Amino acid sequence: MKRSTVKELFTAPEINSKVLLKGWVRTRRGNNQVAFIAVNDGTIIHSIQVVADLQSFPEELMKRVTTGSSISVIGKLVESMGKGQSVEIQASEIEILGDSDPEVYPLQKKGHSFEFLRDIAHLRFRTNTFGAVFRIRHALAFAVHQYYNDKGFFYLHTPIITASDAEGAGAMFRVTTLEPDGAPKNEDGEVDYTQDFFGRPTNLTVSGQLEGELGALALSSIYTFGPTFRAENSNTPRHVAEFWMIEPEMAFYDINDNMDLAEDFLKYLIRYTLEHCQDDLEFLNKMVDKGLLERLRFVLKHPFERKSYSEAIEILIKADKKFEFPVEWGLDLQSEHERYLVEEHFKRPVILTDYPSIIKSFYMKQNDDGKTVRAMDVLFPQIGEIIGGSQREENLDKLQNRMRKMNIPEDELWWYLETRKFGTVEHSGFGLGFDRLIMFITGMSNIRDVIPFPRTPKSADF
RNA sequence: UCCUCAGUAGCUCAGUUGGUUAGAGCGGCGGACUGUUAAUCCGUAGGUCGUAGGUUCAAGUCCUACCUGAGGAGCCA
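Being a predicted model, the structure only gives us computed values, none of them experimental.

Draft legend 1. Focus on helix α7 (residues 278–287). Listed in full, the buried residues belonging to α7 are Asp280, Leu281, Phe283, Leu284 and Asn285. Packing partners of the buried residues in α7 comprise α4 (128–150), α6 (255–276), α8 (292–301) and α13 (434–442).

Draft legend 2. View of the pairing of strand β16 (residues 384–391). Most of β16 is tucked away, with six of its eight residues classed as buried. In this sheet, β16 lies alongside strand β15 (residues 372–380) in antiparallel orientation, the contact comprising six bridges. When the bridges of β16 are listed, Phe380 appears paired with Gly384. Between β15 and β16, which pair antiparallel one after the other, the connecting turn spans three residues, and Gln382 there sits at a positive phi close to 70°. Pairing geometry for β16 and strand β17 (residues 427–433), over five bridges, is antiparallel. Looking across to β17, one finds that Ile387 is bridged to Leu432.

Draft legend 3. Geometry of the environment of Gln391. Here Gln391 lies in strand β16. When the C-alpha atoms of Gln391 and Thr228 are compared, they prove to be 22 Å apart, with 163 residues separating the residues in sequence. Setting aside residues no more than four positions away along its own chain, Gln391 makes contact with Tyr253, Asp254, Ile255, Asn258, Tyr363, Met364, Lys365, Arg374, Glu426, His427 and Ser428. Within polar-contact distance, the side chain of Gln391 engages the backbone nitrogen of Ile255 at 3.0 Å.

Draft legend 4. Representation of the packing of α4 against α7. In contact at an axis separation of 9 Å, α4 and α7 are set at 135° when each is read in the N-to-C sense. In terms of orientation, α4 and α7 fall into the oblique class. Every pair of crossing elements has a handedness; the one defined by α4 and α7 is left-handed. On α7, the residues that touch Asn128, Thr129, Ala132, Val133, Arg135 and Ile136 of α4 are Asp280, Leu281, Phe283 and Leu284. In the contact of α4 with α7, the residues fall into six nonpolar, two polar and two charged.

Draft legend 5. Region of interest: the side chain of Asp377. Secondary-structure assignment places Asp377 in strand β15. Judged by its relative accessible area of 4%, Asp377 falls in the buried class. Of the polar contacts made by the side chain of Asp377, one reaches the side chain of Tyr355; its length is 3.4 Å. Each residue touching Asp377, except ones within four places of it in the same chain, is listed here: Val350, Ile351, Leu352, Tyr355, Lys360, Glu385, Ile387, Gly388 and Gly389.

Draft legend 6. Here's a closer look at helix α10 (residues 335–345). Considered for burial, the residues of α10 that qualify are His337, Glu338, Tyr340, Leu341 and Val342. Note on α10: the residue one or two positions beyond its end, Lys347, has a positive phi of about 55°.

Draft legend 7. Seen up close, the domain arrangement of chain A. The domain architecture assigned to chain A consists of domain 1 (3–105) and domain 2 (126–170 + 206–449). Taking only C-alpha atoms into account, the centre of domain 1 sits 45 Å from that of domain 2. Tallying the contact residues gives nine residues for domain 1 and eight residues for domain 2. Buried area between domain 1 and domain 2, summed over both chains or domains, comes out near 700 Å², and the portion from carbon and sulfur atoms is 42%. Its largest share of buried area at the contact with domain 2, domain 1 owes to Arg26, Ile45 and Tyr105, together 65% of the area lost on that side. At the surface where domain 1 touches domain 2, the tally comes to zero salt bridges.

What counts and what doesn't
- Residues numbered from 1 in each chain as written.
- Chains lettered and ligands numbered in written order.
- Predicted model: local features only at pLDDT ≥ 70, side-chain atom pairs only at ≥ 80, totals over all residues.
- Heavy atoms only, no water.
- Buried < 20%, exposed > 50% of the residue type's maximum accessible area, 1.4 Å probe, protein only.
- Helix = DSSP H or I, 4+ residues; strand = E, 2+ residues; numbered from the N terminus.
- Contact = heavy atoms within 4.5 Å.
- Pairing = 2+ DSSP bridges.
- Polar contact = N/O pair within 3.5 Å; in protein donor to acceptor, adjacent residues only side chain to side chain.
- Axes fitted to C-alpha atoms, helices over the stretch in contact; angles between N-to-C directions.
- Parallel < 35°, antiparallel > 145°, perpendicular 65-115°, else oblique.
- Left-handed = near helix turned anticlockwise from the far one by under 90°.
- Nonpolar A, V, L, I, M, F, W, Y, C, P; charged D, E, K, R; others polar.
- Domains from an automatic or database assignment.
- Buried area = accessible area lost by both parts, 1.4 Å probe.
- Salt bridge = Lys/Arg side-chain N within 4 Å of Asp/Glu carboxyl O.

As C-alpha coordinates, this is what we get:
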(Lines give C-alpha, C1' and ligand atoms only; values in the text may rest on other atoms or scores of the structure.)
Protein backbone atom coordinates (compact mmCIF):
# COMPACT_ATOMS: atom_id res chain seq x y z
CA MET A 1 0.00 0.00 0.00
CA LYS A 2 1.34 3.39 -0.98
CA ARG A 3 2.08 5.86 1.78
CA SER A 4 0.17 9.13 1.70
CA THR A 5 1.87 12.24 2.98
CA VAL A 6 0.03 14.59 5.30
CA LYS A 7 0.23 17.19 2.57
CA GLU A 8 -1.55 14.89 0.13
CA LEU A 9 -4.20 14.01 2.68
CA PHE A 10 -5.00 17.67 3.29
CA THR A 11 -4.73 19.03 -0.23
CA ALA A 12 -6.55 16.24 -2.07
CA PRO A 13 -8.50 14.22 0.48
CA GLU A 14 -10.40 11.20 -0.74
CA ILE A 15 -13.03 10.88 1.94
CA ASN A 16 -13.74 7.31 3.11
CA SER A 17 -10.68 5.93 1.33
CA LYS A 18 -8.23 3.63 3.11
CA VAL A 19 -4.89 5.34 3.65
CA LEU A 20 -1.43 4.55 4.94
CA LEU A 21 0.26 7.28 6.95
CA LYS A 22 3.75 7.42 8.41
CA GLY A 23 5.09 10.17 10.62
CA TRP A 24 6.14 11.40 14.03
CA VAL A 25 3.79 11.86 16.95
CA ARG A 26 3.53 15.49 17.97
CA THR A 27 0.95 15.23 20.74
CA ARG A 28 -1.46 12.77 22.16
CA ARG A 29 -4.70 13.58 23.93
CA GLY A 30 -7.75 11.63 24.87
CA ASN A 31 -9.75 9.88 27.53
CA ASN A 32 -10.28 6.29 28.60
CA GLN A 33 -12.17 5.52 25.38
CA VAL A 34 -10.35 7.16 22.55
CA ALA A 35 -6.92 8.62 21.78
CA PHE A 36 -6.26 11.60 19.51
CA ILE A 37 -2.81 11.45 18.04
CA ALA A 38 -1.43 14.42 16.09
CA VAL A 39 0.94 13.04 13.46
CA ASN A 40 3.31 15.21 11.45
CA ASP A 41 5.56 14.12 8.61
CA GLY A 42 7.07 17.49 7.77
CA THR A 43 5.56 17.68 4.30
CA ILE A 44 3.30 20.50 5.48
CA ILE A 45 3.02 22.53 8.64
CA HIS A 46 -0.23 20.89 9.70
CA SER A 47 -0.43 17.64 11.61
CA ILE A 48 -3.17 15.18 10.88
CA GLN A 49 -5.28 13.77 13.67
CA VAL A 50 -5.34 10.02 14.05
CA VAL A 51 -8.26 8.74 16.11
CA ALA A 52 -7.74 5.43 17.86
CA ASP A 53 -10.52 3.62 19.67
CA LEU A 54 -8.69 2.24 22.70
CA GLN A 55 -10.78 -0.96 22.74
CA SER A 56 -9.37 -1.91 19.35
CA PHE A 57 -5.71 -1.66 20.31
CA PRO A 58 -3.67 -3.40 23.00
CA GLU A 59 -2.71 -1.20 25.93
CA GLU A 60 0.97 -2.12 25.53
CA LEU A 61 0.97 -0.76 21.99
CA MET A 62 -0.82 2.48 22.85
CA LYS A 63 1.60 3.14 25.69
CA ARG A 64 4.38 3.37 23.13
CA VAL A 65 2.58 6.07 21.15
CA THR A 66 4.47 8.89 22.81
CA THR A 67 5.55 12.38 21.78
CA GLY A 68 8.42 12.03 19.34
CA SER A 69 7.81 8.39 18.43
CA SER A 70 7.35 7.40 14.81
CA ILE A 71 4.31 5.41 13.82
CA SER A 72 2.67 3.87 10.81
CA VAL A 73 -1.10 4.03 10.62
CA ILE A 74 -3.62 2.39 8.33
CA GLY A 75 -7.12 3.75 8.54
CA LYS A 76 -10.03 5.45 6.93
CA LEU A 77 -9.82 9.11 5.99
CA VAL A 78 -13.02 10.70 7.29
CA GLU A 79 -14.46 14.14 7.86
CA SER A 80 -13.65 15.10 11.39
CA MET A 81 -16.33 14.92 14.05
CA GLY A 82 -14.48 17.44 16.14
CA LYS A 83 -13.64 21.04 15.51
CA GLY A 84 -10.20 22.23 14.49
CA GLN A 85 -9.52 20.03 11.49
CA SER A 86 -11.35 19.13 8.31
CA VAL A 87 -10.31 15.51 8.02
CA GLU A 88 -8.86 12.87 10.32
CA ILE A 89 -7.88 9.23 10.16
CA GLN A 90 -9.96 6.60 11.90
CA ALA A 91 -7.22 4.11 12.70
CA SER A 92 -7.61 0.40 12.08
CA GLU A 93 -3.94 -0.57 12.37
CA ILE A 94 -1.13 1.14 14.26
CA GLU A 95 2.51 0.09 14.18
CA ILE A 96 5.32 1.65 16.19
CA LEU A 97 8.23 2.35 13.86
CA GLY A 98 10.54 3.90 16.44
CA ASP A 99 10.04 4.41 20.15
CA SER A 100 10.74 7.71 21.86
CA ASP A 101 11.31 7.69 25.60
CA PRO A 102 9.12 10.53 26.90
CA GLU A 103 11.31 10.91 29.98
CA VAL A 104 14.19 12.16 27.89
CA TYR A 105 12.66 13.45 24.65
CA PRO A 106 13.39 17.17 24.90
CA LEU A 107 10.52 18.61 22.86
CA GLN A 108 7.25 19.22 24.58
CA LYS A 109 3.88 20.44 23.39
CA LYS A 110 4.50 23.91 24.75
CA GLY A 111 6.68 26.41 23.01
CA HIS A 112 10.40 26.47 23.58
CA SER A 113 12.81 29.38 23.43
CA PHE A 114 14.83 29.65 20.23
CA GLU A 115 17.99 29.61 22.35
CA PHE A 116 17.10 26.22 23.77
CA LEU A 117 16.17 24.86 20.36
CA ARG A 118 19.58 25.90 19.02
CA ASP A 119 21.10 23.53 21.57
CA ILE A 120 19.03 20.73 20.08
CA ALA A 121 19.37 21.77 16.46
CA HIS A 122 19.28 18.10 15.47
CA LEU A 123 15.67 17.90 16.66
CA ARG A 124 14.35 21.39 16.10
CA PHE A 125 13.20 20.50 12.57
CA ARG A 126 10.37 18.74 14.36
CA THR A 127 8.88 22.00 15.61
CA ASN A 128 6.33 23.96 13.63
CA THR A 129 8.46 27.07 13.43
CA PHE A 130 11.60 25.38 12.14
CA GLY A 131 9.63 23.16 9.80
CA ALA A 132 8.15 26.31 8.30
CA VAL A 133 11.49 28.12 8.12
CA PHE A 134 13.30 25.30 6.38
CA ARG A 135 10.49 24.57 3.95
CA ILE A 136 10.60 28.25 3.02
CA ARG A 137 14.38 28.14 2.79
CA HIS A 138 14.06 25.33 0.28
CA ALA A 139 11.38 27.15 -1.70
CA LEU A 140 13.55 30.24 -1.95
CA ALA A 141 16.62 28.31 -3.05
CA PHE A 142 14.50 26.77 -5.78
CA ALA A 143 13.06 30.17 -6.72
CA VAL A 144 16.55 31.63 -7.08
CA HIS A 145 17.42 29.09 -9.73
CA GLN A 146 14.02 29.45 -11.38
CA TYR A 147 14.42 33.22 -11.62
CA TYR A 148 17.85 33.23 -13.17
CA ASN A 149 17.20 30.28 -15.41
CA ASP A 150 14.11 32.03 -16.81
CA LYS A 151 16.23 35.11 -17.45
CA GLY A 152 18.92 33.18 -19.31
CA PHE A 153 21.58 33.42 -16.60
CA PHE A 154 24.01 30.54 -16.13
CA TYR A 155 24.70 29.01 -12.73
CA LEU A 156 28.46 29.18 -12.28
CA HIS A 157 30.26 27.15 -9.62
CA THR A 158 33.07 29.29 -8.31
CA PRO A 159 35.72 27.68 -6.12
CA ILE A 160 35.27 27.26 -2.40
CA ILE A 161 39.00 26.89 -1.80
CA THR A 162 40.87 29.93 -3.07
CA ALA A 163 44.44 31.13 -3.09
CA SER A 164 43.56 34.76 -3.50
CA ASP A 165 43.62 36.80 -0.33
CA ALA A 166 43.19 40.00 -2.21
CA GLU A 167 39.60 41.00 -1.98
CA GLY A 168 39.71 42.14 1.59
CA ALA A 169 36.14 41.13 2.34
CA GLY A 170 37.14 39.90 5.76
CA ALA A 171 39.31 37.51 7.71
CA MET A 172 39.62 34.10 6.10
CA PHE A 173 39.75 30.52 7.27
CA ARG A 174 43.01 28.87 6.33
CA VAL A 175 42.89 25.60 4.43
CA THR A 176 45.93 23.40 4.89
CA THR A 177 47.04 19.80 5.19
CA LEU A 178 50.04 20.76 7.31
CA GLU A 179 49.99 19.84 10.98
CA PRO A 180 49.75 22.92 13.24
CA ASP A 181 52.62 21.87 15.51
CA GLY A 182 54.79 20.01 13.00
CA ALA A 183 54.64 22.32 9.97
CA PRO A 184 57.82 22.39 7.89
CA LYS A 185 59.76 25.66 8.08
CA ASN A 186 61.79 27.45 5.43
CA GLU A 187 65.19 29.13 5.88
CA ASP A 188 63.58 32.19 7.43
CA GLY A 189 61.79 30.09 10.03
CA GLU A 190 58.39 30.65 8.44
CA VAL A 191 55.93 27.91 7.55
CA ASP A 192 56.98 26.39 4.23
CA TYR A 193 53.77 26.35 2.23
CA THR A 194 55.50 24.86 -0.80
CA GLN A 195 55.10 21.57 1.08
CA ASP A 196 51.37 22.15 1.63
CA PHE A 197 48.76 20.38 -0.51
CA PHE A 198 48.41 23.22 -3.02
CA GLY A 199 52.01 24.37 -2.67
CA ARG A 200 50.84 27.76 -1.44
CA PRO A 201 48.61 29.25 1.27
CA THR A 202 44.91 28.74 0.60
CA ASN A 203 41.69 29.82 2.25
CA LEU A 204 37.96 29.30 2.17
CA THR A 205 36.35 31.79 -0.18
CA VAL A 206 34.85 35.04 1.09
CA SER A 207 33.13 35.75 -2.22
CA GLY A 208 32.82 34.27 -5.68
CA GLN A 209 32.57 37.68 -7.30
CA LEU A 210 35.96 37.96 -8.94
CA GLU A 211 35.63 34.53 -10.54
CA GLY A 212 32.01 35.37 -11.36
CA GLU A 213 33.17 38.35 -13.38
CA LEU A 214 35.37 36.07 -15.44
CA GLY A 215 32.32 34.00 -16.33
CA ALA A 216 30.13 36.99 -17.09
CA LEU A 217 32.75 38.41 -19.44
CA ALA A 218 32.13 35.47 -21.74
CA LEU A 219 28.70 34.06 -20.94
CA SER A 220 27.02 37.48 -20.59
CA SER A 221 25.05 36.73 -17.44
CA ILE A 222 25.91 34.31 -14.68
CA TYR A 223 25.09 33.83 -11.04
CA THR A 224 26.75 31.99 -8.22
CA PHE A 225 24.89 30.46 -5.31
CA GLY A 226 27.05 28.81 -2.72
CA PRO A 227 28.64 28.90 0.69
CA THR A 228 31.02 31.65 1.72
CA PHE A 229 33.13 31.96 4.83
CA ARG A 230 34.24 34.79 7.07
CA ALA A 231 36.50 34.24 10.06
CA GLU A 232 35.42 37.52 11.64
CA ASN A 233 34.71 37.38 15.35
CA SER A 234 31.26 38.81 14.79
CA ASN A 235 28.70 38.25 17.50
CA THR A 236 25.43 39.61 16.20
CA PRO A 237 22.07 38.19 15.15
CA ARG A 238 22.98 38.94 11.51
CA HIS A 239 26.44 37.34 11.18
CA VAL A 240 27.68 33.79 10.86
CA ALA A 241 31.01 32.31 9.83
CA GLU A 242 29.48 30.17 7.08
CA PHE A 243 26.65 31.57 5.00
CA TRP A 244 25.21 31.33 1.52
CA MET A 245 25.44 34.07 -1.00
CA ILE A 246 23.91 34.66 -4.41
CA GLU A 247 26.11 36.73 -6.69
CA PRO A 248 24.79 37.58 -10.16
CA GLU A 249 27.27 39.18 -12.52
CA MET A 250 26.21 40.68 -15.84
CA ALA A 251 28.15 41.96 -18.83
CA PHE A 252 26.70 45.04 -20.57
CA TYR A 253 24.85 46.10 -17.39
CA ASP A 254 25.40 49.54 -15.89
CA ILE A 255 24.52 50.43 -12.32
CA ASN A 256 20.92 51.26 -13.21
CA ASP A 257 20.41 47.90 -14.88
CA ASN A 258 22.00 46.42 -11.78
CA MET A 259 19.54 48.17 -9.48
CA ASP A 260 16.60 47.15 -11.65
CA LEU A 261 17.70 43.55 -11.46
CA ALA A 262 18.23 43.65 -7.69
CA GLU A 263 14.80 45.10 -7.05
CA ASP A 264 13.04 42.78 -9.47
CA PHE A 265 14.87 39.78 -8.03
CA LEU A 266 13.99 40.55 -4.43
CA LYS A 267 10.36 41.18 -5.30
CA TYR A 268 10.20 37.96 -7.30
CA LEU A 269 11.46 35.97 -4.32
CA ILE A 270 8.98 37.59 -1.95
CA ARG A 271 6.12 37.06 -4.39
CA TYR A 272 7.18 33.45 -4.92
CA THR A 273 7.07 32.76 -1.20
CA LEU A 274 3.70 34.43 -0.76
CA GLU A 275 2.32 32.25 -3.53
CA HIS A 276 3.96 28.95 -2.65
CA CYS A 277 4.37 28.97 1.13
CA GLN A 278 1.07 30.37 2.34
CA ASP A 279 0.51 28.00 5.24
CA ASP A 280 4.03 28.39 6.58
CA LEU A 281 3.95 32.18 6.26
CA GLU A 282 0.59 32.37 7.98
CA PHE A 283 1.94 30.31 10.84
CA LEU A 284 5.01 32.53 11.19
CA ASN A 285 2.83 35.62 10.93
CA LYS A 286 0.73 34.33 13.81
CA MET A 287 3.40 32.90 16.08
CA VAL A 288 6.67 34.69 15.33
CA ASP A 289 6.11 38.11 13.78
CA LYS A 290 2.64 39.60 13.60
CA GLY A 291 3.59 42.22 11.03
CA LEU A 292 5.24 39.78 8.65
CA LEU A 293 2.65 39.36 5.88
CA GLU A 294 1.83 43.04 5.87
CA ARG A 295 5.50 43.94 5.54
CA LEU A 296 6.09 41.50 2.69
CA ARG A 297 3.09 42.81 0.77
CA PHE A 298 4.16 46.38 1.42
CA VAL A 299 7.60 45.76 -0.04
CA LEU A 300 6.02 44.30 -3.17
CA LYS A 301 3.72 47.24 -3.66
CA HIS A 302 6.21 50.10 -3.54
CA PRO A 303 9.26 50.92 -5.61
CA PHE A 304 12.52 50.95 -3.70
CA GLU A 305 13.71 54.47 -2.97
CA ARG A 306 16.88 55.21 -4.96
CA LYS A 307 19.15 57.91 -3.63
CA SER A 308 22.82 58.72 -3.81
CA TYR A 309 25.04 58.56 -0.78
CA SER A 310 25.40 62.36 -0.97
CA GLU A 311 21.63 62.85 -0.92
CA ALA A 312 21.40 60.49 2.04
CA ILE A 313 23.98 62.51 3.93
CA GLU A 314 21.95 65.68 3.32
CA ILE A 315 18.80 64.01 4.61
CA LEU A 316 20.61 62.79 7.71
CA ILE A 317 22.10 66.22 8.42
CA LYS A 318 18.67 67.83 8.17
CA ALA A 319 17.04 65.07 10.20
CA ASP A 320 15.49 66.14 13.46
CA LYS A 321 17.22 63.37 15.30
CA LYS A 322 20.35 62.98 17.35
CA PHE A 323 22.70 60.24 16.17
CA GLU A 324 25.35 58.63 18.27
CA PHE A 325 27.83 58.70 15.37
CA PRO A 326 28.68 61.78 13.30
CA VAL A 327 27.13 62.37 9.90
CA GLU A 328 29.65 63.81 7.48
CA TRP A 329 30.35 63.35 3.80
CA GLY A 330 33.14 60.80 3.48
CA LEU A 331 32.28 58.78 6.56
CA ASP A 332 30.58 55.44 6.20
CA LEU A 333 26.96 55.23 7.26
CA GLN A 334 26.37 53.56 10.59
CA SER A 335 23.56 51.11 11.37
CA GLU A 336 21.57 53.88 13.06
CA HIS A 337 21.80 56.05 9.93
CA GLU A 338 20.67 53.28 7.62
CA ARG A 339 17.83 52.39 9.94
CA TYR A 340 16.70 56.00 10.09
CA LEU A 341 16.57 56.25 6.30
CA VAL A 342 14.74 52.97 5.83
CA GLU A 343 12.47 52.79 8.84
CA GLU A 344 11.72 56.43 9.62
CA HIS A 345 12.43 58.66 6.64
CA PHE A 346 11.44 56.66 3.56
CA LYS A 347 9.62 53.83 5.34
CA ARG A 348 10.50 51.37 2.58
CA PRO A 349 13.56 49.62 1.13
CA VAL A 350 16.24 52.04 -0.02
CA ILE A 351 19.00 51.70 -2.59
CA LEU A 352 21.95 54.00 -1.95
CA THR A 353 24.46 54.63 -4.73
CA ASP A 354 27.66 56.49 -5.51
CA TYR A 355 29.52 56.13 -2.25
CA PRO A 356 32.83 57.86 -1.54
CA SER A 357 35.53 55.76 -3.13
CA ILE A 358 37.63 55.68 0.05
CA ILE A 359 35.09 53.51 1.86
CA LYS A 360 34.46 51.05 -0.96
CA SER A 361 36.27 48.19 -2.69
CA PHE A 362 38.91 48.50 -5.39
CA TYR A 363 36.90 46.91 -8.19
CA MET A 364 34.05 49.43 -8.19
CA LYS A 365 33.72 51.76 -11.17
CA GLN A 366 35.06 55.22 -10.52
CA ASN A 367 32.78 58.14 -11.30
CA ASP A 368 33.98 61.18 -13.26
CA ASP A 369 33.86 63.36 -10.14
CA GLY A 370 36.97 61.55 -8.94
CA LYS A 371 35.44 61.14 -5.49
CA THR A 372 32.78 58.49 -5.74
CA VAL A 373 32.27 54.99 -7.09
CA ARG A 374 29.25 53.31 -8.62
CA ALA A 375 28.41 51.22 -5.59
CA MET A 376 24.88 50.31 -4.63
CA ASP A 377 23.64 49.01 -1.30
CA VAL A 378 20.09 47.77 -0.85
CA LEU A 379 18.91 48.50 2.68
CA PHE A 380 15.97 46.61 4.19
CA PRO A 381 14.01 47.32 7.33
CA GLN A 382 15.21 45.45 10.44
CA ILE A 383 18.06 43.59 8.82
CA GLY A 384 19.93 46.47 7.20
CA GLU A 385 22.17 45.81 4.22
CA ILE A 386 20.81 42.83 2.31
CA ILE A 387 22.56 43.50 -1.00
CA GLY A 388 25.89 45.09 -1.75
CA GLY A 389 26.91 45.57 -5.35
CA SER A 390 28.36 47.87 -7.95
CA GLN A 391 29.16 48.55 -11.53
CA ARG A 392 32.71 47.22 -11.94
CA GLU A 393 35.69 49.21 -13.15
CA GLU A 394 36.34 47.96 -16.67
CA ASN A 395 39.17 50.39 -17.51
CA LEU A 396 42.50 48.70 -16.92
CA ASP A 397 44.48 51.86 -16.09
CA LYS A 398 41.94 53.17 -13.65
CA LEU A 399 41.66 49.78 -12.00
CA GLN A 400 45.40 49.38 -11.64
CA ASN A 401 45.79 52.89 -10.26
CA ARG A 402 43.24 52.21 -7.61
CA MET A 403 44.75 48.84 -6.73
CA ARG A 404 48.13 50.47 -6.19
CA LYS A 405 46.60 53.13 -3.98
CA MET A 406 44.87 50.48 -1.90
CA ASN A 407 47.84 48.10 -1.80
CA ILE A 408 46.04 45.33 -3.62
CA PRO A 409 48.69 42.97 -5.06
CA GLU A 410 48.35 43.05 -8.85
CA ASP A 411 50.42 39.95 -9.42
CA GLU A 412 48.05 37.80 -7.39
CA LEU A 413 45.12 39.04 -9.49
CA TRP A 414 46.77 38.87 -12.91
CA TRP A 415 43.94 36.71 -14.20
CA TYR A 416 41.35 39.25 -13.08
CA LEU A 417 43.20 42.08 -14.80
CA GLU A 418 43.43 40.16 -18.06
CA THR A 419 39.66 40.50 -18.57
CA ARG A 420 40.29 44.26 -18.79
CA LYS A 421 43.07 43.73 -21.29
CA PHE A 422 41.15 41.53 -23.69
CA GLY A 423 37.79 42.82 -24.81
CA THR A 424 36.79 44.61 -21.65
CA VAL A 425 33.16 45.69 -21.33
CA GLU A 426 30.90 47.50 -18.94
CA HIS A 427 29.56 45.06 -16.36
CA SER A 428 27.90 44.95 -12.97
CA GLY A 429 26.87 42.61 -10.21
CA PHE A 430 25.85 42.28 -6.61
CA GLY A 431 25.80 39.91 -3.67
CA LEU A 432 22.67 38.91 -1.83
CA GLY A 433 22.98 37.31 1.59
CA PHE A 434 20.66 34.33 1.22
CA ASP A 435 20.31 33.79 4.95
CA ARG A 436 19.47 37.43 5.59
CA LEU A 437 16.82 37.19 2.91
CA ILE A 438 15.34 34.20 4.73
CA MET A 439 15.31 36.25 7.92
CA PHE A 440 13.37 39.00 6.24
CA ILE A 441 10.89 36.67 4.59
CA THR A 442 10.27 34.46 7.63
CA GLY A 443 10.35 37.19 10.26
CA MET A 444 12.97 35.29 12.24
CA SER A 445 15.16 37.78 14.08
CA ASN A 446 18.33 35.70 14.48
CA ILE A 447 20.29 34.34 11.53
CA ARG A 448 21.15 31.26 13.62
CA ASP A 449 17.51 30.27 13.35
CA VAL A 450 17.30 30.26 9.55
CA ILE A 451 20.37 28.03 9.01
CA PRO A 452 20.02 24.35 9.87
CA PHE A 453 23.39 24.11 11.62
CA PRO A 454 24.84 27.60 12.02
CA ARG A 455 28.56 28.22 12.48
CA THR A 456 29.39 31.07 14.84
CA PRO A 457 32.37 31.94 17.05
CA LYS A 458 32.88 29.20 19.66
CA SER A 459 30.12 27.13 18.15
CA ALA A 460 30.47 24.39 15.54
CA ASP A 461 28.23 21.66 16.95
CA PHE A 462 26.48 19.09 14.81
C1' U B 1 36.84 42.43 19.65
C1' C B 2 34.19 46.27 22.95
C1' C B 3 29.73 47.49 26.10
C1' U B 4 25.31 45.64 28.78
C1' C B 5 22.45 41.71 30.71
C1' A B 6 21.78 36.60 31.93
C1' G B 7 23.07 31.31 33.62
C1' U B 8 18.53 27.93 39.74
C1' A B 9 14.35 20.95 38.05
C1' G B 10 13.76 18.30 31.21
C1' C B 11 11.63 23.57 29.67
C1' U B 12 10.14 28.81 31.20
C1' C B 13 11.05 31.36 35.43
C1' A B 14 10.49 33.18 40.98
C1' G B 15 13.82 33.15 45.11
C1' U B 16 13.23 39.58 49.99
C1' U B 17 18.44 43.73 53.56
C1' G B 18 23.19 36.98 52.99
C1' G B 19 19.96 33.09 57.63
C1' U B 20 16.96 26.43 58.88
C1' U B 21 14.91 21.31 54.73
C1' A B 22 15.39 25.67 47.28
C1' G B 23 9.66 27.17 44.92
C1' A B 24 5.86 27.61 40.85
C1' G B 25 3.86 26.67 36.01
C1' C B 26 4.58 23.53 32.00
C1' G B 27 6.59 18.76 30.56
C1' G B 28 7.26 13.38 32.58
C1' C B 29 5.08 9.39 35.48
C1' G B 30 0.40 7.18 38.08
C1' G B 31 -4.86 7.77 38.25
C1' A B 32 -9.94 9.93 36.84
C1' C B 33 -12.90 11.35 32.61
C1' U B 34 -17.58 8.96 26.25
C1' G B 35 -14.59 13.49 20.71
C1' U B 36 -9.94 15.93 22.54
C1' U B 37 -7.57 20.74 20.16
C1' A B 38 -1.08 23.79 24.14
C1' A B 39 -7.82 19.24 26.88
C1' U B 40 -9.37 19.24 32.05
C1' C B 41 -9.15 17.37 37.26
C1' C B 42 -6.40 14.60 41.38
C1' G B 43 -1.67 12.68 42.87
C1' U B 44 3.72 12.06 42.31
C1' A B 45 9.00 11.96 41.17
C1' G B 46 12.63 15.35 39.78
C1' G B 47 17.95 20.30 41.70
C1' U B 48 26.34 19.57 42.87
C1' C B 49 21.82 26.91 42.02
C1' G B 50 27.34 27.62 34.85
C1' U B 51 32.81 26.47 36.60
C1' A B 52 36.88 27.66 39.94
C1' G B 53 38.48 30.52 43.80
C1' G B 54 37.42 34.15 47.76
C1' U B 55 34.70 37.08 51.86
C1' U B 56 31.56 35.41 56.08
C1' C B 57 29.53 32.09 62.01
C1' A B 58 26.48 31.39 57.48
C1' A B 59 26.45 32.25 50.10
C1' G B 60 21.52 30.60 45.02
C1' U B 61 22.14 35.71 47.07
C1' C B 62 28.36 39.51 48.06
C1' C B 63 33.56 39.78 45.45
C1' U B 64 37.24 38.02 41.49
C1' A B 65 38.45 35.19 37.22
C1' C B 66 36.87 32.10 33.51
C1' C B 67 33.09 29.51 30.40
C1' U B 68 28.49 29.78 27.78
C1' G B 69 24.26 32.41 25.90
C1' A B 70 21.44 36.89 24.51
C1' G B 71 21.06 42.15 23.08
C1' G B 72 23.76 46.57 21.28
C1' A B 73 28.35 48.36 18.55
C1' G B 74 32.20 47.39 14.90
C1' C B 75 33.22 44.27 10.45
C1' C B 76 29.84 43.03 6.56
C1' A B 77 26.11 39.62 3.48
